[in-house]
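Listed below are the residues making up each chain.
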There are 2 protein chains.
Amino acid sequence: MAQPQPLSSESLIEHLHWRYATKVFDATQAIPPATWDALEECLALTPSSYGLQPWKFLVIRDPALRAELRPHSWNQSQITDASHLVVLLSRRQITLEDVDRLITATASARELDPAQLEVYRGMIQRDLVEGPRSQAIGQWASNQVYIALGNLMTCAALLGVDTCPIEGFSPPDYDRILNLEGTPYHSSVVCALGYRSPEDKYSSLAKVRYPLSELIETR
Amino acid sequence: MAQPQPLSSESLIEHLHWRYATKVFDATQAIPPATWDALEECLALTPSSYGLQPWKFLVIRDPALRAELRPHSWNQSQITDASHLVVLLSRRQITLEDVDRLITATASARELDPAQLEVYRGMIQRDLVEGPRSQAIGQWASNQVYIALGNLMTCAALLGVDTCPIEGFSPPDYDRILNLEGTPYHSSVVCALGYRSPEDKYSSLAKVRYPLSELIETR
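In this numbering scheme, every chain counts its residues from 1 along its sequence in written order. All chains are assigned letters beginning at A, and all ligands numbers beginning at 1, according to the order in which they are written. Selection of residues for local features in this predicted model requires a pLDDT of at least 70, selection of side-chain atom pairs for listing and counting requires 80 or more, and totals for whole chains, interfaces and linings are taken over all residues.

### A word on the overall build of chain A
Step number 1: The numbering of helices and of strands both runs from the N terminus, where a helix is a DSSP run of H or I of at least 4 residues and a strand a run of E of at least 2. Check the secondary structure of chain A and you find nine helices and five strands.
Step number 2: Secondary structure elements of chain A, listed N to C terminal, follow the sequence α-α-β-α-α-β-α-α-α-β-α-β-α-β.
Step number 3: Its C-alpha atoms put chain A at 60 × 45 × 40 Å along the principal axes.
Step number 4: If you take every contact in chain A between residues at least 6 apart in sequence, the share linking residues at least 24 apart comes to 82%. Contact criterion: two residues are in contact if their C-beta atoms, reconstructed from the backbone, are within 7 Å.

### A few points about helix 2 (residues 33-44) of chain B
Step number 1: By this rule, a helix spans an expected 1.5 Å times one less than how many residues it contains. Counted at 1.5 Å a residue, the expected span for helix 2 of chain B with its 12 residues is 16 Å, and the 17 Å between its end C-alpha atoms agrees.
Step number 2: Tucked inside the fold, the buried residues of helix 2 of chain B contact helix 1 (9-18) and helix 9 (212-215) of chain A together with strand 1 (55-60) and helix 7 (137-158) of chain B.

### Section: the relation of the copies chain B and chain A
Step number 1: Once chain B is rotated about the relating axis by 180° and shifted along it by 0.0 Å, it coincides with chain A to within an RMSD of 0.0 Å. What we have between these two chains is a two-fold relation. To line up the copies, we fit them by least squares on C-alpha atoms, keeping just the residues with pLDDT of at least 70 in both.

### Section: the pairing of strand 1 of chain B
Step number 1: A large share of strand 1 of chain B lies buried, amounting to five of its six residues.
Step number 2: In the sheet, strand 5 (residues 216-218) of chain A pairs with strand 1 of chain B via three bridges, with the strands oriented parallel. Considered in strand 1 of chain B, the bridge of Thr218 of chain A is made with Val59 of chain B.
Step number 3: Strands are labelled as partners when DSSP assigns at least two bridges between them. The sheet contact formed by strand 1 of chain B and strand 2 (residues 84-91) of chain B spans six bridges and is antiparallel. For Phe57 of chain B, the partnering residue across the bridge sits in strand 2 of chain B and is Leu88 of chain B. With C-beta atoms placed from the backbone, a residue is buried if 20 or more other C-beta atoms are within 10 Å of its own, exposed if 12 or fewer are, and partly exposed between those counts.

### So, the pairing of strand 4 (residues 185-194) of chain A
A regular strand places its side chains so that they alternate between the two faces of the sheet.
Residue and element names in this part refer to chain A.
Step number 1: Within strand 4, 10 of the 10 residues are buried, leaving the element largely enclosed by the surrounding structure.
Step number 2: Bridge analysis of strand 2 (residues 84-91) against strand 4 gives eight bridges, and the strand direction is antiparallel. When the sheet's bridge partners are listed, His84 is paired in strand 4 with Leu193.
Step number 3: Here strand 3 (residues 162-166) pairs with strand 4 via five bridges, running antiparallel. Bridge pairing in strand 4 places Thr163 opposite Leu193.

### Observations regarding the environment of Ile31 of chain B
Residues and elements named next belong to chain B.
Step number 1: Within the element layout of this structure, Ile31 appears in the loop between helix 1 (9-18) and helix 2.
Step number 2: Note: C-alpha distance between Ile31 and Leu193 (162 residues apart in sequence) is 8.1 Å.
Step number 3: Setting aside residues up to four positions removed in sequence, Ile31 forms contacts with Trp36, Ser83, His84, Val161, Leu193 and Gly194.

### A word on the sheet that holds strand 1 of chain B
Step number 1: The sheet built from five strands is open, its strands ordered 5(A)-1(B)-2(B)-4(B)-3(B) with mixed pairing. Each edge of the open sheet carries a strand with a single partner, namely strand 5 of chain A together with strand 3 (162-166) of chain B. Looking at each pair of strands side by side, their axes are set apart by 25° on average, direction ignored.
Step number 2: The angle between two axes is taken between their N-to-C directions and runs from 0 to 180 degrees, where each axis is a line fitted to C-alpha atoms and a helix contributes only its stretch in contact. Where helix 7 of chain B meets the sheet, it contacts strand 1, strand 2, strand 3 and strand 4 (185-194) of chain B, and its direction lies at approximately 10° from that of strand 4 of chain B.

### Section: the packing of helix 5 (residues 96-110) of chain A against helix 6 (residues 118-129) of chain A
When two helices pack together, you describe them by how their axes are tilted relative to each other and by the distance separating the axes.
All names here are of chain A.
Step number 1: Orientation of helix 5 relative to helix 6, taken along the N-to-C sense of each, is 150°, at an axis distance of 10 Å. Considering the angle they form, helix 5 stands roughly antiparallel to helix 6. With respect to the hand of their crossing, helix 5 and helix 6 are arranged in right-handed fashion. Packed against helix 5, whose contacting residues are Leu96, Val99 and Ile103, the element helix 6 presents Arg121, Ile124, Gln125 and Val129 at the interface.
Step number 2: Residue classes in the contact of helix 5 with helix 6 are distributed as five nonpolar, one polar and one charged. Note that the term roughly parallel is reserved for angles under 35 degrees, roughly antiparallel for angles over 145, roughly perpendicular for angles of 65 to 115, and oblique for everything else. Take the far helix as your reference; a near helix turned counterclockwise from it by less than a right angle gives a left-handed crossing, and one turned clockwise gives a right-handed crossing. Note on residue classes: Ala, Val, Leu, Ile, Met, Phe, Trp, Tyr, Cys and Pro are nonpolar, Asp, Glu, Lys and Arg are charged, and everything else, Gly too, is polar.

### Here's the deal with helix 7 of chain B
Residue and element names in this part refer to chain B.
Step number 1: For helix 7, built from 22 residues, the straight-helix expectation of 32 Å at 1.5 Å per residue is met to within 8% by its first-to-last C-alpha distance of 32 Å.
Step number 2: The buried fraction of helix 7 amounts to 19 of the 22 residues, a majority that puts the element mostly inside the structure.
Step number 3: With its phi angle positive at about 80°, Gly160 sits one or two positions after the end of helix 7.

### Describing the interface of chain B and chain A
Step number 1: Facing the 68 residues of chain B at the interface are 68 residues of chain A.
Step number 2: Residue assignment for the side of chain B that touches chain A shows that the elements contributing at least two residues are helix 1, helix 2, strand 1, helix 5 (96-110), helix 7, helix 9 (212-215) and strand 5 (216-218) of chain B.

### Considering the packing of helix 2 (residues 33-44) of chain A against helix 1 of chain B
Step number 1: Here helix 2 of chain A crosses helix 1 of chain B at 5°, and the two axes come no closer than 10 Å. Our classification of the angle between helix 2 of chain A and helix 1 of chain B gives roughly parallel. On helix 1 of chain B, the residues that touch Ala34, Thr35, Ala38, Glu41 and Cys42 of chain A of helix 2 of chain A are Ser9, Leu12, Ile13 and Leu16 of chain B.
Step number 2: By residue class, the composition of the contact of helix 2 of chain A with helix 1 of chain B is six nonpolar, two polar and one charged.

Here's what the structure looks like:
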């Protein structure tokens, strides 16, 4: 496809500076449906290893369900007050069926015979299903989900939507409440999205970052 | 700070569609220094849990070092041919010193007495240094690094820079070659950045994504 007009560096960095982990959301402000649809598409377009997409995204809108999750989330107000709450799930295992699902989708999208993807299929199988990485597949899948989290927070900032990434929750309780026990997916991380309240004093605090000279080393 | 003008959803999604895991880079095209500086700043602005930034980013420019890494990277040409190669490192452990480093930086950036951050300090200590999460701190730190990877790939796409995320490498060999043994950091994931070669047939292939109905569930 033709390359879209790049953003200016200044504009991109301005958006990243504007972003912060929102502590207090304005509970009266909802993300408009068109913007939310775009954010769902951004999530789906997240890159993943082999393109395997070992994830699912639960969007929790129901206030009663939100209220039930909040005590298992260090009682953080973002859980109930943000416009949208996304629970990012990762796959517990990667099986041959998962690989075949990808091969089928790839063959279909690219108008190929699945047999033409046999080498690719074998490569994934030997790496993730049978290889050393299969021993730590939970971590591998969780890593992929965090790519989605990073992409989501940046995309939201670009669209003027506030976010708060949340690790302070109890995955076992979430899995129970969301009926994920016995399914191929479990809760990995949470992200609240919406609009900052004018009362959130954190929005005006200076961002804390170590100096580039400590973070980046060129060799 | 004042909110920057949001990007249009269409433009954002166009950039995400343009991005793909670049297999063949144009070895003659270098990322201009101003663009690279912006990408380093984007990396530094990545959000992390508690703002702990449990990472470091090695930018490998030296062709000899790249050549040495390539055989430990499934011999992928991106390692030597991309304009910039970033090895994303994560911390092996989170210690009280790491927490104090953050507290000191926060106090300094926000003109506070570190004593005012004692509750925050204790919270991080009980969670990451002494709590259950400390048992899987390697995974926690790696997860954070993948937020940086997700942010980096999206930011690069917005600036018109191609990327290829690379998990197909040998972390122990990278750690040895990059002299990371015995340091607080180890290799987590790699990202090559530069410009796609016109010969990369992958750039024109249809993107493979499962339908939104399979990826996203609203409750």
